[in-house]
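Summary of structural features
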Amino acid sequence: MHNPNPFDFVPFTEKPILKTEAEFNALGDLYSGYLEVKLKALTPVHVVGFQEPVGEGRKSHIYRQNGQACIPAASIRGCLRSFIEALTAGWVSQANVEYKKEYGLNNPKGRHVGFSTFEKHRSRGMGPTYHMDAAVNPVYRPQAMEGENPLLDVASYLFGIVVEKEKGEQVGHDALARKSRVWVEDAQIQPDQIESSRYWLPDITGEAFMGGAKPSASNWWYMQPREVWARRVTAFIKGQKRTMSVAEFIGEKYWGRKFYYHQDPEKCVKYYDPREGNWPYRDVNAFCKVVLECLKPQAETDTFRIYVNRLPRQLLMMLVLSLLPGKNIRHKLGYGKAYGYGSVAFSIAGANLRVEEGTQRIPSPLQDRLAGIIQWAEAAWSQERMQAIGFDISLINWQALEKLAQVLGWANSEQLIFTYPPFKTGYFARGIGKKDFNDAVQPDYKLEQPIKTSPENARSIAAKLFDVKKPIHFRLYQERAEGWAIIKSRRP
């Protein structure tokens, strides 16, 4: 029995959906005003304020602004932006440009191959020269908005963007930045909505073992398969130093944009409690309990406002549909998402808006438009109903929506638990010797030189090796894991 990883990827399409500002501006009447919104915790929600040592562990206090506990505006805006970027095939606005790794037999840290996110990458080491295309198609890198009709993605039009100037690029400031048309307030939390000591997550002393991702090209986990190498490694076996050949699975393109599943965090973290005896802690990496101060389940924040300025009707619809994404999809934000923390639902309590008249110098009064806003939300995600209320369905990547519904689906989430398998035989720490590899995959393949892979033969190789090591191929692992039938059945 094994469980899916707590995350999955929304695949990229061939190219992003881009329009000129004039085309966006033409998507209906321009609205200004504000929505009154509340955030409800479905599982405990924690955004880190500060941490302090407590006994042998740590206490992580919830974020506070001027002494008031809150979910900061940046967390809410980031949650909505990442959803909309995936939903509308937008640019990748947040990404490390390069993951540097020093690959080499004699380098103690050189166990993996680096890669570049948006550019070609070349590295040399004790194995073959690694010369690959960008991990993400460069068309998804935010572009300087030059010329008479610069292009933007939906998320950048809504939330604004500042584009990094590329080396040697001669462009002005106006081509590198766009202001936001959407502003979010902090969501304040009253003291009786906070639980201070019940919820926790596991860590180890020193470097966290499950915290941040450390992707490299030496896997088919974050990256789609490219080829298999035989690389030389040195290890101590029964006290003797030995050099041997092992199979190394080289990836090239990201699987997609990363989102976390919903689950019950109390069930998940129980697995890592040393008293349960599931996880093999070592003295050098002793267990460290991190107690979280959380917005407790079913608790709500105070009402906060989301302001909009001259937002076209269809993109106001997009914002509303993202806040209220149908009965089957719920958002995640904050700390500890891998363990089930941070599942939230938004509700709209008010909508005070006006239509901007092009010739009117004095703004007209705001009007209560809540009833109309709720009708928009009821159209999610039926293409027919959305077209009937005047929404251009070409703004949405419908394949991405199907995947978002699988990953962010709330239905039956209580039946799922996602835990990392211990580092033991058959899982992440298991190396595959060249002989073991050849014995499993012959007569189809033999690791005498790099094996080029297609999606089909990479999956075949991983399937033949599944009893030796399960998490070689991310997609194969997910689809053979317990609970996949529930995940696969989810719809928007």
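In the segment running from Ala380 into Trp381, the intervening peptide bond is cis, with an omega of -15°. Geometrically, the link from Gln442 to Pro443 is a cis peptide bond, its omega value of 10° lying close to zero. Position of Pro443 relative to the elements: it lies in the loop between α9 (434-441) and β26 (451-452). With phi around 55°, Asn66 is a residue other than glycine that occupies positive phi space. Position of Asn66 among the secondary structure elements: in the loop between β6 (64-65) and β7 (68-71). Its identity as a non-glycine residue notwithstanding, Arg310 has a phi of 50°, on the positive side.

With that settled, consider the sheet that holds β6. Two orientations exist for strands paired in a sheet by backbone hydrogen bonds: parallel and antiparallel. Across the sheet, which stays open at both edges, the three strands sit in the order β6-β7-β16 with antiparallel pairing between neighbours. At either end of the open sheet lies a strand with only one pairing partner, and these are β6 and β16 (187-188). Across two bridges, the pairing between β6 and β7 is antiparallel. Among the inter-strand pairings, Arg64 is bridged to a residue of β7, identified as Ala69.

Listed in full, the buried residues belonging to helix α10 (residues 455-464) are Asn457, Ala458, Ile461 and Ala462. Looking down the long axis of α10, one finds its buried residues gathered within 140° of arc, a one-sided arrangement. Those residues of α10 that are exposed and angled more than 90 degrees off the buried face are Pro455 and Glu456. The inward-facing, buried residues of α10 abut β18 (223-237), β19 (240-254), α9, β26 and α11 (474-480).

Summed over all chains, the structure comprises 22 salt bridges. Between Glu21 and Arg178 there is a salt bridge whose closest N-O contact spans 2.8 Å. You can see Glu21 sitting in helix α1 (residues 21-25) and its partner Arg178 sitting in strand β14 (residues 177-178), a full 157 residues away along the chain. Residue classification places Glu21 among the partly exposed residues on the basis of a relative accessible area of 23%. Its salt-bridge partner being Glu227, residue Lys452 comes within 2.8 Å of it at the nearest N-O pair. Of the two residues, Lys452 is situated in strand β26 and Glu227 in strand β18; the sequence distance between them amounts to 225 residues.

One finds Ile76, Leu315, Leu323, Phe346 and Trp381 to be the most contacted residues of the largest nonpolar core, which totals 86 residues. Membership of the second largest hydrophobic core comes to 40 residues, among which are Val136, Tyr140, Leu292 and Tyr420.

Sheet architecture is open: four strands sit in the order β4-β5-β21-β17, paired in mixed fashion. Because the sheet does not close on itself, it has two edges, and the strands there are β4 (48-54) and β17 (194-204). Between one strand axis and the next, the sheet turns through 25° on average, direction left out of account. Here six bridges tie β4 to strand β5 (residues 57-62), and the two strands are oriented antiparallel to one another. Note that in β5 the partner of Val54 across the bridge is Gly57.

The description of an aromatic ring pair rests on the distance of the ring centres and on the angle between the ring planes. For the structure on display, the rule yields 22 aromatic pairs. Consider the rings of Phe9 and Phe474, whose centres lie 4.9 Å apart with planes at 70°: the pair is edge-to-face. Of this pair, Phe9 sits in strand β1 (residues 7-10) while Phe474 sits in helix α11, and the two are 465 residues apart along the sequence. A residue is classified by how much of its surface remains accessible, and Phe9, at 2% relative accessible area, is buried. Judged by centre distance (5.0 Å) and plane angle (75°), the ring pair of Trp220 and Phe249 falls under edge-to-face. One end of the pair, Trp220, is in the loop between β17 and β18; the other, Phe249, is in strand β19, with 29 residues separating them in the sequence.

Parameters and conventions
- Residues numbered from 1 in each chain as written.
- Predicted model: local features only at pLDDT ≥ 70, side-chain atom pairs only at ≥ 80, totals over all residues.
- Heavy atoms only, no water.
- Helix = DSSP H or I, 4+ residues; strand = E, 2+ residues; numbered from the N terminus.
- Pairing = 2+ DSSP bridges.
- Buried < 20%, exposed > 50% of the residue type's maximum accessible area, 1.4 Å probe, protein only.
- Arc of directions from axis to C-beta.
- Contact = heavy atoms within 4.5 Å.
- Salt bridge = Lys/Arg side-chain N within 4 Å of Asp/Glu carboxyl O.
- Core = buried A, V, L, I, M, F, W, Y, C linked by side-chain atoms within 4.5 Å.
- Axes fitted to C-alpha atoms, helices over the stretch in contact; angles between N-to-C directions.
- Phe/Tyr/Trp six-rings, centres within 6.5 Å; stacked < 30°, edge-to-face > 60°.

Worth remembering: the numbers are spatial, not functional.
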